[in-house]
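# Tertiary structure, described
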Amino acid sequence: MKKASGGFTLIELIVVILILGILAATALPRYISAQTDARVAKAQAIFGSVRAASALAKARCELDLAQNLAGCTAAGGTANMDGTAVTMINRYPTANAAGIVAAAQIDATNDRVTISAGGAGAGQLITIDIVGAATAANCRISYTSATAVGQAPVIGVVTTGC
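All residue numbers refer to positions counted from 1 along the written sequence of the respective chain. The predicted origin of the model limits local features to residues at a pLDDT of at least 70 and limits the giving and counting of side-chain atom pairs to 80 or more, whereas totals for whole chains, interfaces and linings rest on all residues. With hydrogens and water excluded, all non-hydrogen atoms of the structure serve as input to the side-chain values.

### Digging into unusual backbone geometry
Applied cut-off: Note on conventions: DSSP H or I runs of at least 4 residues are helices, E runs of at least 2 residues are strands, and numbering of each starts at the N terminus. A simple rule labels every residue: compare its accessible area, found with a 1.4 Å probe on the protein chains alone, to the largest value its type can have, and call it buried under 20%, exposed over 50%, or partly exposed in between.
Positive phi outside glycine occurs at Asn-68, with the angle close to 55 degrees. Within the fold, Asn-68 resides in the loop between helix H1 (10–66) and strand E1 (78–81). Looking at Asn-68, the relative accessible area reads 69%, which means it is exposed. For Arg-91, which is not a glycine, the phi torsion comes out positive at approximately 70 degrees. Topologically, Arg-91 is positioned in the loop between strand E2 (84–89) and strand E3 (92–93).

Okay, here's the thing in structure tokens:
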């Protein structure tokens, strides 16, 4: 008596591979779209963080000035935000690592962003690019420091290429 082998037939294997191929073809575009959506959400979150940090640093500076505390001055100085000295220009954070990056607590490594340019003077531009975007310039947060007392910094976000 011969025992029947316990394997699959070639037809069964081809049908299973075909079904897996169809599932992969329908799932892949959704996965790619989810990555884009995640980068857009990340850019929007960092944009909100930069806006909030800028406003909070200004409020801290105004409070220091009103109470004649050391640190923030009318044109510069530092504002103490939760133990972090944030450099200021025209009562808003500067456009560098010691300014808006420190105020917003952005960590380039853990947040997977690239921070470039910037400076401590008035009107300086710093950009924060989301890592993994198709075009870095089209998935970016920008912060231009205040140019004069009484003028807010210019904060922008571009998400067309995330």
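Following the structure, the description resumes.
### Re the nonpolar core
Stated formally: What makes a nonpolar core is a set of buried Ala, Val, Leu, Ile, Met, Phe, Trp, Tyr and Cys residues whose side-chain atoms join them at distances within 4.5 Å. Pairs of residues are marked as contacts when any of their non-hydrogen atoms sit within 4.5 Å.
Within the largest apolar cluster, 29 residues are counted, with the highest numbers of intra-cluster contacts made by Ile-46, Val-50, Ile-106 and Ile-141. Broken down by secondary-structure element, the contributors of at least two residues to this core are H1, E1, E2, helix H2 (97–104), strand E5 (125–130) and strand E6 (140–144). At seven residues, H1 tops the list of elements feeding residues into this core. With sequence-adjacent residues up to four places away left out, Ile-106 is seen in contact with Ile-46, Val-50, Val-101, Asp-111, Val-113, Ile-115 and Ile-128.

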